[in-house]
Amino acid sequence: MSSGFVKTQDGTEIFYKDWGPRDAQPIVFHHGWPLSSDDWDTQMLFFLGHGYRVVAHDRRGHGRSTQVDTGHDMDHYAADAAAVAEHLDLRNAVHIGHSTGGGEVARYVAKFGQPQGRVAKAVLVSAVPPLMLKTPANPGGTPLEVFDGFRAALAANRAEFFHAVAAGPFYGFNRPGAKVSQPVIDNWWRQGMMGSALAHYQGIKAFSETDQTEDLKAIGVPTLVMQGDDDQVVPYTDAALLQIKLLKNGTSKIYKGFSHGMLTVNAETINPDLLAFVKA
């Protein structure tokens, strides 16, 4: 099967795609909020063309996975990813996570992937760890009021809120002189609206308030940290620059002027860099 569903211990059905030779090294992709595995189309086709097995799943409540009303937290996200990896018996895998998916990767690798011996490398792209929320111990974080604003906007008019995110800060389309792509905006909106409003609402707490300092410290496999210095969603000074300090075996690449959505709008730069790290 090149796609299907995995049923988790709590009965949630997680949709996954599994393309390419089953004996090739797996590259596993973890999407951001509030999207789906479709956000990785460009990378999956790129790595498939280079002979890899490519796997991606829709997070619970997102995309085609079950719209459950429980488990919208980083522990369940990681356990669901583990269920996919175990169902497909993925070994020597490279796990690549974007934004919230980067948090999912960090917890999966630390809690499941490394102990089970399934992970070769990891990549955190514009990722949320160690902690997005501003606290006394994390003064460079984003104030709680910002995330409360996200929740209020989502509850009031999710369709309008999602369009504003995609058309504005996510891809840097709000910057002077930006080359705006309406189809890219439409595809982001389409993915978001496929999922559950409840999963997206509760997911804001998961990606903003989960302290993943210990997850990062526990990761021992080679890990690449990638982020743009014009990321308006996850500020790189409170993400990539802190991640690299906490990782035991990390390398980093900061891209001048790139946005949070650089995987899509700068794929011609990012994809070769990902391939070089996988091959190294």
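In this report, we go over the structure that sits alongside the text. Everything numeric here is computed off the predicted structure, so don't read it as measured data.

**Focus on the sheet that holds strand β3 (residues 26-30)**
Alright, step 1. If you walk across this open sheet you meet the 8 strands as β1-β2-β4-β3-β5-β6-β7-β8, and the pairing is mixed. Strands with a single pairing partner mark the edges of an open sheet, and in this sheet they are β1 (3-7) and β8 (250-255). Across the sheet, the axes of successive neighbouring strands diverge by a mean angle of 20°, strand direction being ignored.

**Some remarks on unusual backbone geometry**
Alright, step 1. With an omega of -5°, the peptide bond running from Trp-33 to Pro-34 counts as cis.
Alright, step 2. Positionally, Pro-34 belongs in the loop between β3 and α1 (41-49).
Alright, step 3. Phi at Ser-99 is positive, roughly 60°, even though this residue is not glycine.
Alright, step 4. Mapping Ser-99 onto the fold places it in the loop between β5 (93-98) and α3 (100-113).
Alright, step 5. A relative accessible area of 7% places Ser-99 in the buried class.
Alright, step 6. Despite not being glycine, Ser-126 has its phi angle at roughly 45°, a positive value.
Alright, step 7. Relative to the helices and strands, Ser-126 is located in the loop between β6 (119-125) and α4 (144-167).

Procedures and definitions
- Sequence order as written defines residue numbering, which begins from 1 separately in each chain.
- Local features in this predicted model are restricted to residues whose pLDDT is 70 or higher, and side-chain atom pairs enter the listing and the counts only when it is 80 or higher, whereas totals over whole chains, interfaces and linings include all residues.
- Derived side-chain values reflect all non-hydrogen atoms in the structure, with water molecules and hydrogen atoms excluded from consideration.
- Strands pair, by our definition, only if DSSP identifies at least two bridges between them.
- In this text, helices come from DSSP runs of H or I with a minimum length of four residues, and strands from runs of E with a minimum of two, each type numbered from the N-terminal end.
- The axes are straight lines fitted to the C-alpha atoms, using for helices just the contacting stretch, and the angles between their N-to-C directions are given from 0 to 180°.
- Note on exposure labels: buried denotes an accessible area under 20% of the residue type's maximum, exposed denotes more than 50%, and partly exposed covers the range between, all computed with a 1.4 Å probe on protein chains only.

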